[in-house]
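# Results of the structural survey
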Amino acid sequence: MPNKEQEVLLRVEHLCQYFKMTKAVDDVNFDIKRGEVFGLVGESGCGKTTTGRSVIRIYDITSGSIYFKGKRICAGTRSYEQAIRAARKELKKSDEEVPASRKEELKKEIAENRKKIKAAKYDHQNSDKEYAKELQEKLKADYEKAKEENKNNPEALKKLAADFKQDMYVAKHSKLITKIQMIFQDPIASLNPRMTVKEIISEGLVINGIKDQAYIDEEVYKILELVGLTREHAGRYPHEFSGGQRQRIGIARAVIMHPDLLIADEPISALDVSIQAQIINLLNELRSELGLTIMFIAHDLSVVKYFSDRIGVMYFGKMVELASSDELFAHPLHPYTKSLLSAIPLPDPHAEKRRQRITYNPLESHDYSVNKPTMREIKPGHFVYCNDEEEVQLKKELGL
Amino acid sequence: MDKILEVKNLSVGFRTTHGTVKAVRDISFDLERGKTLAIVGESGSGKSVTSKAIIGILAGNSIVESGEILYDGNDLLRITEDEMHKIRGDKISMIFQDPLSSLNPIVKIGKQITEAMLLKNKANRKEARRAFNAMLAELKKNIIEACGKESEARVSALSKKLDDICIQATKLDNSYTEAFNKANELIANIEDLIYKAGKKQNVYVVGAIREYKKELAKVKDEFLTAKYDARIAESIASLNSVVKAAAAANNTKNEMPEEVEKALRGVQNLLKEVTAQTKPDFFRIALYYLDNNLVEVKNVSSVEELNAKALTYLNDNFMKEFLSYADNGVEHSFKKALENKKLVLEQIPALRAFFEGEFTQKNAMARCKEMSKLIASSIDRLEIIKDSAAYAFEASLSNAIERFFSCQVGNRKEEARFARQSKRRERLVARGRKVEWKVVPKNVYSVSMLRENILTVINRIEERYTAYIANAETVDFDQRAIEMVDYFKARAAETVYRVTKSMAKEQAIKLMEEVGIHEPRTRFYQYPFEFSGGMRQRIVIAIALAANPDILICDEPTTALDVTIQAQILELINNLKKERNLSVIFITHDLGVVANMADDIAVMYAGKIVEYGTADDIFYDPRHPYTWALLSSMPDLETTEKLDAIPGTPPNMIYPPVGDAFADRNKFALKIDFEQQPPFFEVTKTHKAATWLLHPDAPKAEVPQIITDRIARMKKAGGAQHAE
């Protein structure tokens, strides 16, 4: 369960992902702590899948930064470029309009932003290399230590040298990003029909430079049993499995890399009702056994509520509310969250007949012409996208 | 209650290379008028196949193994494709899961909505005329039989007169509606033009007004515009001058001068005044109009007066006499049918005895034919509401007989199948493969069950006829004769009703507004890709409603949509259902969605209905383990404990399980579940479930904690409502 003292595993800062003119994700901030399940909900097209894909670097992000285990793995440069452009425009103006002191400042700003761009580009390209270097250095240090300890044992030294060579090879090829894995929505489309289950599951290991076939086999069998399949399944092809089993294969493929963070992009919405519960239970078991952190993207609110510790609500590329799941469902503050919660169908005919659906129209609900909204903490751990006026009002609503 | 659709013992299979997949196995349910029936189940449970069987769009490799679907005197499984055309889309409409795949991507949505209206209208007109003629001939025949040969001349004259009246009424109505529609169209067009000009769109004002001038001249009917002719001429003149002025000013820009708009608004107001008049009753006026000259007809102050005057004239000169004759005819037909019905009832015990004893196929078929002939003669053809049981008797009975012989023990085909499957299984086992399926034993259908099917058909007709004879005393023939005239009137009106393209457009725009699409006038000309998912589904609903159907089948209409849109669409369907008294069959796998919509719920698993009841029964008192599993496998907002997942996967339907299909995945399964299929056990009158757990000898099974907790919670939250 979430704890204040917990380590932040993933931090997303000012993430923007634009596709030409479309702002798919616009200035999103959140962090995920180790061991928790972070739910991301919103209607289709609100950018929740894009957020997930940006985190795992399927897209190059437009601006903002993503930190994983304290290292910047993704960085975009658009915001810095814009700052430079604005500063240059101001510089071009005549001396009467902009005083000389201000111009000096602007020049400094441009230089600073240039530096930032350089740093961002470096981090974006070299985070994996740095990680590999770190690993190698650590291995080397360990090796030196071991060598010192086994000075008088030539056989052990020989073995150590061989192991070291293999480990160095793996470390050289390892990437930080493989510690983030993804499960996809459609288990049919995401598995290669021409590969056996073993090939599919072990592909990640092979790419990472592991050549020991016996080790790979053992890992695959171990993981198959972990996700509720059997050894015999390893030699079969994806089409021989049912939907639920295919999704289990997808999960096995992600889990075999021993990831720290698992991004589950609507893992159950393409499955049958009776199978969905199986997969949710499996993810829950894996989470407690392996200590996984999960980013859970879904549009089925009751499942998200059941599964997640904290939930972020997205609307048109913006994160509009972020709170712990109990808090969010007990005290929804943003009008969009309220409308979303009021639309959940319940298995209770009488309650359904009494249900009042709330409609959300951003133009009616907010007046952002003067006072621009930002993400504000209304209550410890409960963030809402609002402006000053609304903040006061929301606080009143909560009785603070 | 009024049953609009009855599905009885429906079984559907699909031929595949591996064998026949038994998608639907012997299901029965009724749909009541104005109610929603929800069919719930996971994919492959046969819920979509059921709905597709109803509107006759099963895939080519499907076989309807048995059953009947009764609707409006027809068995939908046995009528020809031509007859099905009249029902599909017109009386029974369907909304599919994916709106994008049910819309044509390269046709504007306006055209897609109006297309069916225009095509159906033409077919309907012909059909109505045919029905009119057939009914009139039947009536004439009966009257002559009732009143003797000497009345023949008079009756012929009267029916000729009725025909004349209807035709005259048709003509008058045609001309009136045409002018009326022209006026309405003009109002809409002017609105359109002003709207477009207001939005600074590309319009050619002068040309448009010239067009309107011509159109305005066509708004002319002796009843509609008699008092307005002068003012219409005035308006035309004013438009003329305005056009001249505008043309002289060389107005080529896309703006509307103020005086032009004023003139157009004037025309619009005048037309609105014209269309606001009460419509005269042309059926009454027709005879008056035929026998008198026009001046006299027009020489009345108000429409009401004209209607009253015409009515007395019609009654004195035609209707009273016709009705007295029609009375006789209806009574005669009724009595004749009644006699025959009594005969049928007398025959039924013998027939039942025959089918309870030994019989051969040939024998039985002959007996069936004989009986069907008698039943055909016992149908009162002058009845306006058709009795499905009687009309479909022959098809139902002969089908049940055929099934009796084809599915029996000792049937050669069945033997061959069993031998083939056993051999195949043995071969696989010999090869060392693990075979998960079992060979279906030969006597899947016991003789007693097959015999029961035959007897059900007979019992049904007996039940209907007994009820009919019991009510025979209370029949009011005068009322029936009047109903008959109403029927003729309605058919004649259908023959008249002509839908033009612009009318269809107006209707489509009204529909689009009804389903909640904003600015329908601009949206009308857009392509499907320009709409969002929810809007597309609304358009699909509008198309389904265009023909004003009796039954709407929704096949997972909201699965592709997200929560907020889903709630909107469900609300929309609910409202439309109330407004139009629609009967809805709602297919889904999401029980949460069903709670909002359904009056009755059928839970399906592996091609069978396992539980059937009202929404309250299913949600507050579920009895079948599969329903428990469905309810407990999905979390709701309060769930914190581990979910009760259903283990395993649904069975292979090529080799359906011998016993209860759910037994393998059921933790409450008894030994008998693997050996024998459970029958329906009634819990209450409305609620039944097919599980051996309800058998009096069965051990007590506890409802899972997660469900009892939830129900307790819901009852607590519901408070007073549940106490009722």
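Every chain begins its residue count from 1, and numbering advances along the sequence as written. As a convention, the first chain written is A and the first ligand written is 1, with the rest following in written order. Only residues with pLDDT of at least 70 are given local features in this predicted model, and only at 80 or more are side-chain atom pairs given and counted; all residues enter the totals for whole chains, interfaces and linings. The basis for every side-chain value is the complete set of non-hydrogen atoms in the structure, without hydrogens or water.

### Some points on the overall build of chain A
Numbering goes from the N terminus for both helices and strands, where a helix is a DSSP run of H or I of at least four residues and a strand is a run of E of at least two. Along its length, chain A carries 14 helices and 12 strands. Along the first, second and third principal axes, the C-alpha set of chain A runs to 80 × 70 × 40 Å. Counting across all 400 residues of chain A, residues that qualify as buried make up 50%. Any two residues whose heavy atoms approach within 4.5 Å are treated as being in contact. Summarising the internal contacts of chain A: among those between residues at least 6 apart in sequence, 63% fall at separations of at least 24. Under this rule, positive means Lys or Arg and negative means Asp or Glu; His and the chain ends count for nothing. For the purpose of locating charges, the reference atoms are NZ of Lys, CZ of Arg, CG of Asp and CD of Glu. Each charge sign in chain A was given a centre, from 63 positive and 61 negative side chains, and these centres are 4 Å apart. Only protein chains enter the accessibility calculation, which uses a 1.4 Å probe; a residue is then buried when its area is under 20% of its type maximum, exposed when over 50%, and partly exposed in between.

### Some remarks on the sheet that holds strand β4 (residues 62–71) of chain B
Residue and element names in this part refer to chain B. Strand pairing is defined by DSSP finding a minimum of two bridges between the two strands. Ordered in space as β2-β1-β4-β5, the 4 strands form an open sheet in which the pairing is antiparallel. Each of the sheet's edge strands pairs with one partner strand only, and the pair in question is β2 (19–32) and β5 (74–75). When strand β1 (residues 3–16) meets β2, the two strands line up antiparallel, connected through 10 bridges. Bridge pairing in β2 places glutamate 6 opposite aspartate 30. Axis lines are fitted through C-alpha atoms, for helices just across the contact stretch, and the angle between N-to-C directions can take any value from 0 to 180 degrees. The sheet contacts of helix α15 (residues 447–470) involve β1, β2 and β4, and relative to β1 the element is tilted by about 155°.

### Observations concerning the side chain of histidine 624 of chain B
Residues and elements named next belong to chain B. Structurally, histidine 624 can be placed in the loop between α22 (615–620) and α23 (625–633). The class for histidine 624 is buried, based on a relative accessible area of 0%. When residues no more than four places from it in sequence are discounted, the contact partners of histidine 624 are Val610, Glu611, Asp660, Phe662, Ala689, Ala690 and Thr691.

### Observations regarding the packing of helix α10 (residues 303–356) of chain B against α15 of chain B
All names here are of chain B. With their axes 10 Å apart at the nearest point, α10 and α15 run at an angle of 150° to one another. Taken as axis vectors, α10 and α15 run roughly antiparallel relative to one another. Judged by the sense of rotation from one axis to the other, the crossing of α10 with α15 is left-handed. Residues Phe334, Leu338, Lys341, Lys342, Val344, Leu345, Ile348, Leu351, Arg352, Phe355 and Glu356 of α10 pack against Arg451, Ile454, Leu455, Ile458, Asn459, Ile461, Glu462, Tyr465, Thr466, Tyr468 and Ile469 of α15. Side-chain classes are defined by residue name, with Ala, Val, Leu, Ile, Met, Phe, Trp, Tyr, Cys and Pro counting as nonpolar, Asp, Glu, Lys and Arg as charged, and the others, Gly among them, as polar. Class assignment of the residues belonging to the contact of α10 with α15 gives a composition of 14 nonpolar, 2 polar and 6 charged. Orientation categories follow fixed angle ranges, with anything under 35 degrees roughly parallel, anything over 145 roughly antiparallel, 65 to 115 roughly perpendicular, and all other angles oblique. A clockwise turn of the near helix away from the far one marks a right-handed crossing, whereas an anticlockwise turn of less than a right angle marks a left-handed crossing.

### Let's talk about the environment of leucine 301 of chain A
The residue leucine 301 of chain A is located in helix α9 (residues 301–307) in this model. Distance from leucine 301 of chain A to lysine 372 of chain A, taken between C-alpha atoms, is 29 Å for residues 71 residues apart in sequence. Among all residues touching leucine 301 of chain A, those that are not within four sequence positions of it are Val41, Phe329, Leu340, Leu341 and Ile344 of chain A together with Val563 of chain B.

### With respect to the nonpolar core
Most often, soluble globular proteins have nonpolar side chains that are buried together. Note on terminology: a nonpolar core comprises buried Ala, Val, Leu, Ile, Met, Phe, Trp, Tyr and Cys residues joined through side-chain atoms within 4.5 Å. Counting residues in hydrophobic clusters, the biggest one holds 99 residues, and the most contacted among them are Ile201, Ile251 and Phe296 of chain A together with Ile601 of chain B. Among the elements that make up this core, the one with the highest residue count is helix α8 (residues 273–290) of chain A (8 residues). Filtering out sequence-adjacent residues up to four positions away, isoleucine 251 of chain A remains in contact with Ile183, Val227, Ile279, Leu282, Leu283 and Leu286 of chain A. Residues Leu136, Phe318, Tyr325 and Leu338 of chain B belong to the second largest nonpolar core, which totals 76 residues.

### Section: the interface of chain A and chain B
Taken residue by residue, the interface counts 36 residues in chain A and 43 residues in chain B. Two parts placed together each lose some accessible area under a 1.4 Å probe, and the buried area is that loss summed for both. Between chain A and chain B the total buried area reaches about 3500 Å² when both faces are included, carbon and sulfur atoms providing 58% of it. The largest per-residue losses of area from chain A upon contact with chain B belong to Val273, Tyr306 and Pro347 of chain A, which jointly make up 19% of the total buried on that side. Criterion for a salt bridge: a side-chain nitrogen of Lys or Arg within 4 Å of a carboxyl oxygen of Asp or Glu. One can count 1 salt bridge joining chain A with chain B. In this structure, glutamate 571 of chain B and arginine 357 of chain A form a salt bridge, with 2.8 Å as the shortest nitrogen-oxygen distance. N or O atoms closer than or at 3.5 Å make up a polar contact, with two conditions inside protein: a donor-capable atom paired with an acceptor-capable one, and, for residues adjacent in sequence, both atoms drawn from side chains. The interface formed by chain A and chain B holds 8 residue pairs in polar contact (both at pLDDT 80 or more) in total. Ranked by residue count, the leading element in the side of chain A that touches chain B is α8 of chain A, at 9 residues.

### Let's talk about the pattern of salt bridges
When charged atoms on two side chains of opposite charge get close, those side chains can pair. In total, this model carries 53 salt bridges over all chains according to the counting rule given. Put simply, glutamate 134 of chain A and lysine 71 of chain A hold a salt bridge, and the shortest N to O gap is 3.4 Å. One end of the pair, glutamate 134 of chain A, is in helix α3 (residues 100–149); the other, lysine 71 of chain A, is in strand β5 (residues 71–77), with 63 residues separating them in the sequence. Between glutamate 148 of chain A and lysine 151 of chain A there is a salt bridge, and its shortest N-O distance comes to 3.3 Å. Each of Lys3, Glu6, Lys8, Asp30 and Arg464 of chain B takes part in salt bridges that share partners, so that together they form one network.

### A short note on the side chain of lysine 182 of chain B
Relative to the assigned elements, lysine 182 of chain B resides in helix α4 (residues 152–198). Excluding residues within four positions of it along the chain, lysine 182 of chain B makes contact with Glu215, Lys218 and Val219 of chain B.

### Considerations on the pairing of strand β11 (residues 374–379) of chain A
All names here are of chain A. Where β11 lies against strand β12 (residues 382–386), 5 bridges are found, and the strand directions are antiparallel. In the sheet register, arginine 376 faces β12, and the bridge partner there is valine 384. Linking two consecutive strands that pair antiparallel, namely β11 and β12, is a turn of 2 residues; a positive phi of about 85° is found at glycine 381 within it.

### Topic: empty space enclosed by the protein
Residues and elements named next belong to chain B. Using a 1 Å grid laid over the protein atoms alone, points where a 1.4 Å probe fits but cannot get out form a cavity; open sets with protein on both sides within 12 Å along at least 5 of 7 lines form a pocket; any residue with an atom within 4 Å of a point counts as lining. Grid points are joined across faces, edges and corners, and a volume is the space filled by probe spheres set on the points. Taken as a whole and assessed by the stated rule, the structure comprises 5 cavities of 30 Å³ or more. By volume, the largest cavity is sized at about 140 Å³. Around the largest cavity, the lining is made up of 13 residues, and of these Asn9, Glu68, Ala400, Asn453 and Val457 lie nearest the centre. Counting residues per element, the ones that place at least two in the lining of the largest cavity are β1, β4, α13 (393–406) and α15. In the lining of the largest cavity, the residues fall into 2 nonpolar, 7 polar and 4 charged.

### Regarding the confidence of the model for chain B
Confidence in the prediction for chain B averages 82 pLDDT; 95% of positions are at 70 or higher. Confidence metrics for the complex model read pTM 0.74 and ipTM 0.80. Per residue, pLDDT measures the predictor's confidence, with a range of 0 to 100.

### Quick notes on the packing of aromatic side chains
Each pair of aromatic rings taken from Phe, Tyr and Trp, with Trp reduced to its six-membered ring, is defined by centres within 6.5 Å and is described as stacked if the planes are under 30 degrees apart, edge-to-face if over 60, and tilted in the remaining cases. Taken as a whole, this structure holds 25 aromatic pairs over all chains when the rule is applied. Residues phenylalanine 296 of chain A and phenylalanine 307 of chain A carry aromatic rings whose centres are separated by 4.7 Å and whose planes lie at 65° to one another, so their mutual orientation is edge-to-face. Pair noted here: phenylalanine 296 of chain A is in strand β8 (residues 293–297) and phenylalanine 307 of chain A is in helix α9, with a separation of 11 residues, a long-range link. By the burial criterion, phenylalanine 296 of chain A is buried, and phenylalanine 307 of chain A matches it. Considering the side-chain rings of tyrosine 315 of chain A and tyrosine 360 of chain A, the 5.1 Å spacing of their centres and the 75° angle between planes classify their relative orientation as edge-to-face. Remark: tyrosine 360 of chain A occurs in the loop between α12 (349–354) and α13 (362–365) and tyrosine 315 of chain A occurs in strand β9 (residues 310–315); sequence separation between them is 45 residues. The pair tyrosine 315 of chain A / tyrosine 360 of chain A is uniform in exposure class, with both members buried. An aromatic cluster of at least three residues, connected via ring pairs, comprises Tyr315, Phe316, Tyr336 and Tyr360 of chain A. In our convention, an over-ring charge means Lys NZ or Arg CZ found within 6 Å of a ring centre and within 35 degrees of that ring's normal. Across from the ring centre of phenylalanine 329 of chain A, 5.5 Å away, lies the NZ or CZ of lysine 305 of chain A, which sits over that ring. Its end group placed over the ring of phenylalanine 524 of chain B, lysine 505 of chain B keeps NZ or CZ at 5.6 Å from the ring centre.

### Considerations on the sheet that holds strand β3 (residues 36–40) of chain B
Two orientations exist for strands paired in a sheet by backbone hydrogen bonds: parallel and antiparallel. Residue and element names in this part refer to chain B. Sheet architecture is open: 8 strands sit in the order β6-β7-β8-β3-β9-β10-β12-β11, paired in mixed fashion. Unpaired on one side and paired on the other, β6 (92–95) and β11 (681–682) mark the two borders of the sheet. Across the sheet, helix α19 (residues 533–545) is in contact with β6 and β7 (551–555); its angle to β6 comes to roughly 170°. Packed onto the sheet, α23 meets β3, β9 (600–605) and β10 (608–614) and runs at close to 100° relative to β9.

### Some thoughts on the environment of arginine 287 of chain A
Residue and element names in this part refer to chain A. You can see arginine 287 is positioned in helix α8. Judged by relative accessible area, arginine 287 falls into the buried class, the value being 13%. Put simply, arginine 287 and glutamate 109 are 178 residues apart on the chain and 46 Å apart in space, counted from C-alpha to C-alpha.

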